[in-house]
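# Per-entry structural report
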Amino acid sequence: MDDRVILRVGTKILSPFILLFALYVQFHGDFGPGGGFQAGVIFAAAFVLHALVFGLGNAVKVMPPKVAYVCGAGGVALYLAVGYLSMFRGGEFLNYSYLFGVYGYEHDPTHGQHIGIIGIELGVLITVFGVMVALFYAFAGRRRIDP
Amino acid sequence: MIDLVLEVASWISIVAGLFFMLVGTIGVLRLPDVYTRLHAAGMTDTMGAGFLILGMMLQTIEGILHGQDTWWFVLVRLVLIYLFILFTSPIATHALARAGLAGGVEPWTAPTDGDA
């Protein structure tokens, strides 16, 4: 044990609140300032803080690089899935009104708009989080950390 | 009457917060080395932001008296922001000071020759 007690304890106390604040920014994005990109960066900042305080090796144990890569691709996949789903339901690409069916016919269009924007923002959060963590690992390790 | 008291108290708090912010900024610009500047920056975070948030909380309580119904969210958010500043600012200052010591920055001392 080295003597960085304040940093260790502070990081342990604050990390869950940083993650919670990221989710707050995420779900507040429907009504005011905030949204997927900012929330993803804040979510990644918790892991970057963990890596800075506890070392890169411990951070890789908590959040393996493979998971970060999968998150970076999976978020884009979720975004595209919502877009193509609304397209296959009869609307344009990313026209959420058609997400649960034909406009004003099978389902309330505002319901589709609400769920659609949540899905899109969730995809943005996952992608930004994964890419930010992967970038940090790449720069901190000075090499590609292969899973 | 009570809302006048709250208004005056909140503006005194906000002006005090701005004063500490100004003093901290002058300190960051004018003080001689890393550690003394850190002292000024830490004071900006705790005292300046603390007084500003206290003033905003008093404004919110005044809004309750005027019948605003969204006061609960604002008040809770202000308390949470103050708590997070209270936790994070000293930790960040501590980490910066440690990094300065580990990097070999000598603390500034008054020059001894002559009358300093």
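Above this text you will find the structure in question.
Here's a quick rundown of the structure. (Residues numbered from 1 in each chain as written. Chains lettered and ligands numbered in written order. Predicted model: local features only at pLDDT ≥ 70, side-chain atom pairs only at ≥ 80, totals over all residues.)

### Re the overall build of chain A
So the rule is basically this: Secondary structure elements are taken from DSSP: a helix is a run of H or I of four residues or more, a strand is a run of E of two residues or more, and numbering for both begins at the N terminus. A residue is called partly exposed when the number of other C-beta atoms within 10 Å of its own lies between 12 and 20, exposed at 12 or fewer, and buried at 20 or more, with C-beta atoms placed from the backbone. Placing C-beta atoms from the backbone, we regard two residues as in contact once those atoms come within 7 Å.
A tally of regular secondary structure across chain A gives 5 helices and 0 strands. Secondary structure elements of chain A, listed N to C terminal, follow the sequence α-α-α-α-α. By residue count, 31% of the 147 residues in chain A fall in the buried class. Considering only contacts within chain A whose residues lie at least 6 apart along the sequence, 61% involve residues at least 24 apart.

### Concerning the overall build of chain B
Our working rule: We compute the radius of gyration over the C-alpha atoms and compare it with the globule rule, which gives 2.2 Å times the number of residues raised to the power 0.38.
Tallying secondary structure elements over chain B gives 3 helices and 0 strands in all. For chain B, the sequential pattern of α-helices and β-strands runs α-α-α. Against the globule reference of 13 Å for 116 residues, chain B gives a C-alpha radius of gyration of 19 Å, more extended than a compact globule. Once the C-alpha set of chain B is aligned to its principal axes, its extents read approximately 65 × 30 × 15 Å. When each of the 116 residues of chain B is scored for burial, the buried share is 9%. Restricting the contact set of chain B to residue pairs at least 6 apart, pairs at least 24 apart contribute 70%.

### Details of the environment of Trp72(B)
Residue and element names in this part refer to chain B. Topologically, Trp72 is positioned in helix H3 (residues 71-102). Since 11 C-beta atoms lie within 10 Å of it, Trp72 is described here as exposed. Placed 33 residues apart in sequence, Trp72 and His39 show a C-alpha to C-alpha distance of 34 Å.

### Some points on the nonpolar core
All names here are of chain A. Short version of the rule: The term nonpolar core refers to a set of buried Ala, Val, Leu, Ile, Met, Phe, Trp, Tyr and Cys residues connected through C-beta atoms within 7 Å.
Within the largest apolar cluster, 26 residues are counted, with the highest numbers of intra-cluster contacts made by Phe43, Phe47, Leu125, Phe129, Met132 and Val133. Those elements that place two or more of their residues in this core are helix H1 (5-28), helix H2 (36-54), helix H4 (65-88) and helix H5 (109-141). The biggest single contributor to this core is H5, with 11 residues. Setting aside residues no more than four positions away along its own chain, Phe47 makes contact with Ala59, Met63 and Val133.

### A few points about H2(A)
All names here are of chain A. Heads up, the condition is: Helix span is expected to be 1.5 Å times the residue number reduced by one.
Given a rise of 1.5 Å per residue, 19 residues ought to cover 27 Å, and the 27 Å separating the end C-alpha atoms of H2 matches this to within 8%. For H2, every residue scored as buried is listed here: Gly36, Ala39, Gly40, Ile42, Phe43, Ala44, Ala46, Phe47 and Ala51. Where H2 is buried, its residues contact H1, helix H3 (56-62) and H5. Looking one or two residues beyond H2, the residue adopting positive phi is Gly55, at roughly 95°.

### So, the environment of Val70(A)
Within the element layout of this structure, Val70(A) appears in helix H4. Sequence spacing of Val70(A) and Ile126(A) is 56 residues, and the spatial spacing of their C-alpha atoms is 9.4 Å.

### Details of the packing of helix H1 (residues 2-30) of chain B against helix H2 (residues 34-65) of chain B
All names here are of chain B. Test applied: To obtain an axis, a line is fitted to C-alpha atoms, over the contacting stretch when the element is a helix, and the angle between two such axes runs from 0 to 180 degrees between their N-to-C directions. For classification, angles of less than 35 degrees are called roughly parallel, those exceeding 145 degrees roughly antiparallel, those between 65 and 115 degrees roughly perpendicular, and all remaining angles oblique. Helix crossings fall into two classes, left-handed where the near helix is turned counterclockwise from the far one by less than a right angle and right-handed where it is turned clockwise. In this classification, Asp, Glu, Lys and Arg are treated as charged, Ala, Val, Leu, Ile, Met, Phe, Trp, Tyr, Cys and Pro as nonpolar, and every other residue, Gly included, as polar.
Between H1 and H2, the least distance of the axes is 8 Å, while the angle of their chain directions is 165°. In this view, H1 runs roughly antiparallel relative to H2, as classed from their interaxial angle. Our pair here, H1 against H2, has a crossing hand that is left-handed. Of the residues in the contact of H1 with H2, the class split is 20 nonpolar, 10 polar and 4 charged.

### Side note on the interface of chain B and chain A
Listed as interface residues are 5 residues of chain B and, on the opposing side, 4 residues of chain A. Along the lines of polarity and charge, the residues of the side of chain B that touches chain A split into 3 nonpolar, 2 polar and no charged.

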